[in-house]
Every structure is written in structure tokens, then in C-alpha cells.
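# Structural features, examined
If you want the building blocks of each chain, they are given just below.
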Amino acid sequence: MDARDLVRSEKLVRSVRVLCTAQGLRSLRSAWRRRRSDAAGLPRRGTELARVPGQVRGADPEPGGGVVRFARSSLRVRVTTGGAVFCGWDGAEPEPSYALDGPCPEADERAELEPDTDGGWRVVSERVTVMVGRTGTVEVRTPGGVVLRRDLPPRWWEPAGARGPAESGPGSGLGGPGSAEPGQRAGSAEPGLGAGAAEPGAGARLSEPGQEPGPAEPGPAEPEFGPGLGGDGARWLQLSEVAADARFFGLGGRASGPRLRDGVYRLWNTDPGGSFEPGDDPLYLTMPVQLVVADAGTHLVFHDNSWDGTVTLREGEEGAGSGHDRPGRCRTRMEGGPLRYWVIVGTTPARVLHGWTALTGAPAVPPRWALGHHHARWGFRDAEEVRRVVAGYRERGLPLSALHLDIDHFIGHRVFTVDGARFPDLPGLAAELLEDGVRLVSIVDPAVKAEPGNAVYESGAADDVFVRDARGREVRGVVWAGESVYPDFTDPRVRKWWGGLYAERLAQGFSGVWHDMNEPVSFAAFGETTLPRSARHALEGRGGDHREAHNVYGLAMARAGYEGLCELRPDERPFLFSRSGWAGLQRYGGSWSGDVATGWAGLRASLSLVIGLSLSGVPYSGPDIGGFTGFPSPELYLRWFQLGAYLPLFRTHSAISAGRREPWEFGSRVLEHAAAALRTRRRLLPYFTTLAQLAARTGAPYVRPVWWRTPKDRALRDCEDAFLLGDALLVAPVLEEGARRRPVRLPRGRWYDTVTGRAYHGPGQVVLDAPLSGIPVLARAGSVVPVAAPDGEVELEVWTPCQGRKGAGTGTLAVDTGDGWEKPELLRFTTRLRDGEVTIEREGGGEVGYPVRVRGEAPPSEDRRGSRTS
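Now for a look at the structure at hand. (Residues numbered from 1 in each chain as written. Predicted model: local features only at pLDDT ≥ 70, side-chain atom pairs only at ≥ 80, totals over all residues. Heavy atoms only, no water.)

Attention now moves to the overall build of the protein chain. Counting its regular elements, the protein chain contains 14 helices and 47 strands. Taken across its 870 residues, the protein chain has 61% of its residues classed as buried. Residue pairs at least 24 apart in sequence account for 69% of intrachain contacts in the protein chain once pairs closer than 6 positions are excluded. Of the roughly 32,200 Å² that the protein chain leaves accessible, carbon and sulfur atoms contribute 49%. (Helix = DSSP H or I, 4+ residues; strand = E, 2+ residues; numbered from the N terminus. Buried < 20%, exposed > 50% of the residue type's maximum accessible area, 1.4 Å probe, protein only. Contact = heavy atoms within 4.5 Å. Areas by Shrake-Rupley, 256 points an atom, 1.4 Å probe, with all protein chains shown as cover.)

A few words now on the sheet that holds strand β22 (residues 373-377). As summarised here, the arrangement of the eight strands in space is β32-β31-β28-β24-β23-β22-β34-β33, forming an open sheet in which the pairing is parallel. With partners counted over all chains shown, the strands left at the sheet margins are β32 (590-591) and β33 (624-625), one partner each. Here two bridges tie β33 to strand β34 (residues 650-652), and the two strands are oriented parallel to one another. Of the residues in β34, the one forming a bridge with aspartate 624 is arginine 651. (Pairing = 2+ DSSP bridges.)

Following glutamate 95, the chain continues to proline 96 via a peptide bond in cis, the omega torsion being 0°. Structurally, proline 96 can be placed in the loop between β5 (85-89) and β6 (112-115). In this structure, the amide linkage connecting glutamate 519 to the following residue, proline 520, adopts the cis form with an omega of 0°. Structurally, the position occupied by proline 520 is in the loop between β28 (510-515) and β29 (536-537). For aspartate 90, which is not glycine, the phi torsion reads 55° and is therefore positive. For aspartate 90, a relative accessible area of 30% translates into the label partly exposed. In this model, aspartate 464 sits at a positive phi of 55°, which is unusual for a non-glycine residue. Following the sequence through the fold, aspartate 464 ends up in the loop between α6 (455-463) and β26 (476-479).

Our focus in this paragraph is the pattern of salt bridges. This structure, assessed with the given rule, holds 74 salt bridges. We note a salt bridge from glutamate 241 to arginine 329, for which the minimum N-O separation is 2.6 Å. Within this pair, whereas glutamate 241 is found in strand β14 (residues 235-242), its partner arginine 329 is found in strand β20 (residues 328-334), the two being separated by 88 residues in sequence. For glutamate 241, a relative accessible area of 16% puts it in the buried group. With a closest N to O distance of 3.1 Å, aspartate 718 and arginine 259 form a salt bridge. Separated by 459 residues along the polypeptide, aspartate 718 in the loop between α14 (714-717) and β36 (723-725) and arginine 259 in the loop between β15 (247-252) and β16 (263-267) bring together distant segments of the chain. The exposure class of arginine 259 is buried, given its relative accessible area of 12%. A single network of salt bridges, built from pairs that share partners, joins Arg45, Glu48, Arg235, Arg333 and Glu335. (Salt bridge = Lys/Arg side-chain N within 4 Å of Asp/Glu carboxyl O.)

Pairing in this open sheet of six strands is antiparallel, and the strands run β35-β36-β37-β40-β38-β39 from one edge to the other. Looking along the sheet, the strands with just one partner apiece sit at the ends: β35 (703-704) and β39 (759-769). Two strands pair when backbone bridges link them, and strand β37 (residues 729-731) and strand β40 (residues 777-780) are joined in this way by three bridges, in the antiparallel orientation. From the neighbouring strand, leucine 730 faces β40, where its bridge partner is leucine 778.

Take the nonpolar core next. Trp498, Phe723 and Leu725 are the most contacted members of the largest nonpolar core, which totals 186 residues. Leucine 725 has contacts with Tyr646, Tyr687, Phe688, Leu691, Tyr702, Val703 and Val731, leaving out every residue within four places of it along the chain. Judged by nonpolar contacts, the second largest core, of 42 residues, contains Leu267, Ala294, Val311 and Tyr341. (Core = buried A, V, L, I, M, F, W, Y, C linked by side-chain atoms within 4.5 Å.)

Attention now moves to the packing of helix α12 (residues 668-683) against helix α13 (residues 685-698). Two numbers describe how α12 lies on α13: the axes approach to 5 Å, and their chain directions differ by 55°. What the angle tells us is that α12 and α13 run oblique. Contact residues: α12 offers Arg681, Arg682 and Arg683, while α13 offers Leu685, Pro686 and Phe688. (Axes fitted to C-alpha atoms, helices over the stretch in contact; angles between N-to-C directions. Parallel < 35°, antiparallel > 145°, perpendicular 65-115°, else oblique.)

Moving on to the environment of valine 467. Relative to the elements of secondary structure, valine 467 occurs in the loop between α6 and β26. With 68 residues separating them in the primary sequence, valine 467 and alanine 535 have C-alpha atoms 6.8 Å apart. With residues near it in sequence (within four places) discarded, valine 467 still touches Arg473, Glu474, Val475, Tyr486, Pro487, Asp488, Leu531, Ala535, Arg536 and His537.

Right, let's talk about the pairing of β40 for a bit. Here β40 shows a buried face lined by Val777 and Ala779 and a second buried face lined by Leu778 and Arg780. Alignment of strand β38 (residues 741-753) against β40, held across three bridges, turns out to be antiparallel. Bridge pairing in β40 links aspartate 753 to leucine 778.

Note: strand β44 (residues 826-834) against strand β45 (residues 837-842), six bridges, orientation antiparallel. Bridge assignment links arginine 832 to a residue of β45, and that residue is threonine 839. Between β44 and β45, which pair antiparallel and follow one another directly, the connecting turn spans two residues, one of which, aspartate 835, has a positive phi of 55°.

A word on the packing of α6 against helix α7 (residues 492-507). Packed helices, taken two at a time, are described by the angle their axes make and the gap between the axes. Remark: α6 packs on α7, axes separated minimally by 11 Å, with the N-to-C direction vectors making an angle of 160°. Between α6 and α7, the crossing angle belongs to the class labelled roughly antiparallel. Read as a crossing pair, α6 and α7 show a hand that is right-handed. Seen from α6, the contacting residues are Val456, Ser459, Gly460 and Asp463; seen from α7, they are Arg493, Trp497 and Leu501. Residues of the contact of α6 with α7, tallied by class, amount to three nonpolar, two polar and two charged. (Left-handed = near helix turned anticlockwise from the far one by under 90°. Nonpolar A, V, L, I, M, F, W, Y, C, P; charged D, E, K, R; others polar.)

Under the defined criterion, the tally for this structure stands at 32 aromatic pairs. Look at tryptophan 514 and phenylalanine 577: their rings are 6.2 Å apart centre to centre, the planes differ by 10°, and that puts the pair in the stacked class. Of this pair, tryptophan 514 sits in strand β28 while phenylalanine 577 sits in strand β31 (residues 576-578), placing them 63 residues apart in sequence. Here phenylalanine 577 falls in the buried class, since its relative accessible area comes to 0%. Aromatic pair tyrosine 637 and phenylalanine 666: ring centres 4.0 Å apart, planes at 10°, arrangement stacked. Placement of tyrosine 637 in helix α11 (residues 634-644) and of phenylalanine 666 in the loop between β34 and α12 is noted, with a sequence separation of 29 residues between them. Just as tyrosine 637 is buried, phenylalanine 666 falls in that class too. Pairwise contacts between aromatic rings join Phe416, Tyr457, Phe466, Phe489, Trp497, Trp498, Tyr502 and Tyr553 into one cluster. (Phe/Tyr/Trp six-rings, centres within 6.5 Å; stacked < 30°, edge-to-face > 60°.)

The next point concerns the environment of alanine 362. Mapped onto the elements of the fold, alanine 362 is located in the loop between α3 (349-360) and β22. Along the sequence, alanine 362 and tyrosine 588 sit 226 residues apart, while their C-alpha atoms lie 9.2 Å from each other. When near neighbours in sequence (up to four residues on either side) are disregarded, alanine 362 contacts Thr357, Gln586, Arg587 and Ala696.

Only 2.6 Å separates the side chain of glutamate 241 from the side chain of arginine 329, close enough to count as a polar contact. Here glutamate 241 is in contact with Leu148, Arg149, Arg150, Pro327, Gly328 and Arg329, once residues within four sequence places are set aside. (Polar contact = N/O pair within 3.5 Å; in protein donor to acceptor, adjacent residues only side chain to side chain.)

Now for α6. Within α6 the residues assigned to the buried category are Val456, Tyr457 and Gly460. Around the axis of α6, the buried residues are gathered within 95° of arc, so they sit on the same side. When the buried face of α6 is taken as reference, the exposed residues oriented beyond 90 degrees from it are Ala455 and Ala462. If you follow the buried residues of α6, they end up packed against β25 (448-449), β26, β27 (482-485) and α7. N-capping of α6 is provided by asparagine 454, with a side-chain oxygen placed 3.2 Å from the backbone N of valine 456. In the segment just after α6, aspartate 464 is the residue with positive phi, at about 55°. (Arc of directions from axis to C-beta.)

Following this line, the structure appears as C-alpha cells:
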């Protein structure tokens, strides 16, 4: 018996114990219902025919590009005014899309589709060049002609007899009966990806670009996802090549990373059940969004398809001496839906994410209080326990901004209710806490208990808002409240109804909400813990089933909540974050790690998730400090707490069966150091509010990889245990037990230890002290960091710049305008070191207007005399 057998045995024993309960029997019944529903509502996968585009036949120019016609398909290429490239096969258009923020961007009319010398076509624009080969290969190049991405001709697998873009017949390129998807037997080397990157499943031999698929090879059966996986329409696969030195990032929240190594990553939002660690995949928030970083440039690719799929990655290898480079490879396989994607290119990640924000929408700016410390627990017994916890923070002088109530404050876990016996006057409690500066935040689950007398259920049933099966019956699942139904958030009418329910939360005194269980989850004794794939959804009037709606369910719920809160309190910015979501979630709020396991591996996974989400366009996120499960050691809790103090969402949280997470529960020494971390967070609030505004305007996340400004630094690209907070601070958390010193890789330039003021020079690696009192944090020379002075007013902390013009530094301050919608002014500052004197100037002239404090030792050759403002 190996370790995996032990894990399986433990889960089996746990499952048997659960099945012996009433909830377990309900989950067993739910699993059988799901299987029967899919058996009746989904067509079985039968004989399929394989297709490739074939040879080019011609082209039809359009603004920004045009349509290239092939023997058995067509490709629409469009370059927008912002430089984003859209590619859509088989007539796929950019809209409708859950990811885009409003209408599709306008086409760049200066970009034209023109014949290429080798018989293909090309679109040349100011920022990017797109080359379309004779057999359907698509290359995205820099204006200088360097290839950033090469997409090989795609392949489709369609049900036999389906009328596709081209009829089956002699010379059509359609495979015969039984043709299967490309791939190799599990454990074998997959062509185009290399050994070790094979994806389990049957498949056909991959052929060269433009050739027809080879005969199918036998392989193991597909994993059990229910009958009819793929169902209507075609499954498809696309192989892509990138530079040999490229590194992959993104794909939403992943526990392993942030650099995505060789392997298979599934695109299906999933509750892992219990807890997760590095290696568990998929998790709650997956996105078909990749950020690819190479010496030649950075690009983002987004496959706008919400169906179930996988992305198989294989990093490249540069040849030694006269050897040839092996490019990095990506294999994207989807079980249905359109083959359409966007590519955004840029010289730096900042430019790329700015383009991504322009396409999918600006991140919501949280209210100022939401950037402070939050405390949560599943298991607050009553209002008196809440008061005791808040009093514990107050009596010890610990800053606290918000306290979160989990499902235990509901009546029998029913959403939009309050247990009056345990919380007899919740509005009064909220008002009482607000006097101490503490807001209440409520959990909101999507599932509604299906029972007579439940006002939410009866209202929804009367308005026909719940998801139904193929026979027109309400789809029922099982969650904490028992047998429940699920609103169809892909229907605008349902979103309007759901948003109105938040009036009850506001009336109870809550200042914000967090969405949970919205993958969506339905407990099941076996199979998938979600709704039947055959469940019907409105999909904005188009109609479809859960195969397409599953991944966007959490996103649509976030939209419903956000729009409802905006309507109910139009003068306040809503506070909302969600466990699940999809591309575009940032428009409505942020996310959090979900049920991360308590342990040092879970601590490392927390950092991976935050950086991965940041590079996928969701800048506001954070973990459950201390882990969701278990009992952290004092050292583990402290190191997690110190990391959380520098992340956007700074929240302690735990399960009902786990240990407490209040700082004073771990002894006086931990309390002392945790208090210091809390004071540091409070001091940095002006910096965090500035980063929030910058994220909304530029797309630049709060938390950035250390290679953010120098993506060509290959050593930095492989650094995964540190991060930049904005441009000014480099944070190096302690991720190993017992560590009191740790190596830190520095980007180019001078960096100051924020505790000692000592200067270090990059690029390179240094070893820094990491005592229990704090983790290493360094400040970039010349940076201006807005901080809160002891009296609460804003002051500017200037870190001594380097001598000369190239040593000048910059900084930004967002002037606080409250928690409304008024757009704050951004003040920009420049710092210089001239003849040993530090100067700070406000761009555009005028007085600096804030107290200035210069920090950081001057280099030995630069005798610092003082500071001057102008």
C-alpha cells in the first residue's frame, strides 16, 4: 500500500461514516438523481468524425482583418484599436461573451488583411502582426517579426451525421467512424508535448500541421463524467508553440505555482472537498487565461469558452551549442463550445494586463475599510461570542476592520435568514460594532432550501427562477441546509430578483458579502459534486445546459449581487468577494483561497493562488490565514499572519472543527509579533488604497511577481517565494518551518531593508535575517510610499534614490475621497539625489502637500546631507 492508497482508504472510511447520516443519505440520493438526469438529458457520445481546416481557399477583408476561408472551415481575424487580436474559427464571433465588459472593442481600421508570400494571409498593425498559413497555422508576431505564439491548425470531433462547416465526403478530411481525439495512451509521450505530459484518455495519432488525423489508437476509458460528455456540437483541440525560454502563468487560482510547470490543468470550477494543498487540481476558480513570459515579449491568451476542458503545458528547452531549441508547447482541449480566443501582446506584463483590463473591465475598488484586517470563523455560537472576539481585539489594541458571519448565523443554514435565538438583535449588534470601527460581512450561498414556508424559495418558485432539468422539473441538490434548488444566474430576470434579496442583508446591518459554494456545489456520495450537466440554463436567452453554464455560474452570481448592492445603496461602493468565478470576475469584486489545508504546504499554496489570480486579472484576493482546517502551530500561524499582512484580502478564517484563529490564542510571543504585523498593515493603508485605484485604472495588481518590471530576467521568472507589493516593496515571506534566515533574489537596482535601512544591490541573491518578529521586506530606492502617520494623517515615506538622472524614483498617492464613487485624484511624485541631498517634487508643479520622511542609508560615496521638497 502506497501513500495514494492510504489517502483513498481514509476518504472511503470518511465517506462511509457520512453516508450513515441523514445528510449522507441525501447526498447519495442526489448523486443518483444527477446520474439519471444526465442519462436522460444528454445525448450519448457515439461515432465521431474528425476534421481539420484543410487548404486555404481565399479571404474576405473586413475592418481590422477579415475572414480566411479554408476547405473545411473559416477563420476570422480581427485586430482592435487597443492592439488585442481576436481569432474565431467556424464563424465564431467575439460576442456574446461573459468575459467582455460591454460591446466588443472597435476594430483597428488601419490594419488590413493582405496576401502573404507563401500563399497564406497576414494582418499587420502598429502593435502586432498576425500570420495565417495555408493550412490554418496562426502566428502572432511582434512588430519586428519575432514569433511570440504559433497555433497549429485545430482539430474538431463532431458527431457522425452532424452537418458541420463542410460536408463529409471524399477528400473532405473527415475521419472515419471511431476517430478519436488526439493524444496517446496514459503514461506515454504525447506528440508535440514530450514525455511526461500526456493526458489520460483515448486518442488518435497527431499529424503534422495541415495533414489529416491518423487512425485512432486504443487507450483507457475516459474518466466518468456521465453520459454524453461533449454532447451537442464539436469537441476541439488546439496545439500551440511558444519560445523555448517561455514560462507559463495564470489559469486562475492554482495551488501549484505561480509558475505553471509541465502537467495537465483542468478548466472546471471544483470544490476539492475538505481542503487542498499544492498538487490538488482543479480548484474553485479556473480560467482559460494564460500569461506567457519570454525574452521576446509577454503575451496573454484567453480562450473564450466556458465548457469543461484541459490545458496541458510543456516548457521548452534551449539547445546547447549547435543543438536546436525545443519550443514550449500548450495543448488546449475543450469538450464543446466555440473555438475563439484573444491574444494581447506587450513588451511588459504591465502593458499586457492593461490591455486585458480594457477588454474585460476594470477591477472593482473595495471600500477603504475592506483593505484592513478581517476576522472570520465558521462556528460563532451567538452574538455574545462575536462581542467577546471584537472586545479581545479592542482590549489588546489590535486593529480590526471587519468580522464575518458564516452559515451558522442562519436558521438551519437557510440563506437570507437570521437565527433570532442566537442573534436576537443583529442590526443592533452591527451598529454596536460599527462604533468600534468594525463592519459585519455576511456569507451568501446560492442554494435555496426547497421547503414550504421558506420565503426565499416560495418567492423564487413563483417567479420561476430556479434551474430546471431537461424535463422541466426543478433541479435539486444537497448542501448544508438540506435539499435545495439553485437560481439560474445566467438569466437577467433572475439576477434582478436575486439582487433584490440583498436588501435583507443590508437591513440586518451587514456592510458586505462573501459568496461561497457557488461553483456551484451539490454534495454527492459519488461522481461530481455539482449540478447535472444536462440541467438547463437561460444563458442570456440563448439557452443551453450546465456544461456551458457551470464555469460562469459564480461569475453571474457575483454580477447579480454586485448590481443588486449598487441599486440598493447607490452612493456606496459594494464589498463582495467570491469563492468561484471566471474571466471578468474582477468587475464585481475579488476572491479568496477557499479551504486551504493547514500546514506549511498550504501556506505556500496561499501565495501561489494570490499571484496566479493577480496574473489572471483578479487583483483582490487572499487566503484563510492559518489554513481553513486543523490546528496550526504558533510558528505556522505567525508566518501565515505576517504574509497576510501584505496581501489585499487580510483575513483569518477557519472551519467549525478547527482551532481558533485569534492572535492571542497562540501565546504572548505570537501576540506581540502579530500585533506588529497588524500595525504595519494599518500604517500601509494609504499605500493599499492607492494600489486599489491603480489596479482599477491600469490593471496592475497589488501583488506582482518579482519579475514584473524585468521580465527578461530569467532567474527572477523562476522565483516563486517572494513578490512585489506595488512597485515599491518586495516581500519575502517565510514558507519553511524553523527558518530564521532566507535567501532573497533581488531585481535590478538598490533595495533597502525596511527595518534596518541597510542597502542591497540587485540583480542577485542576498541572505537576510527572518526572525519571528517579522519577515524580510525591502523598499526600492527612490520610491515614494504613502503611509499613515501616528496621528492617522498621510505622510510620504521616501527611500533614498540613487545618484544621477537614472537613479530618479517615483511614487503615487490616491487622495482619499471616501467609499463613494468619486474618482480620486492621483498625485505623482519624483525623487532625486543631487549632491547628497534628497529632493521630492510633485509632477505638474505645486507644493508636495504632505509631510516627508526620508529613509534608507545613503551609499558610501553619497554623503546624504538632508532632504528638500519643492
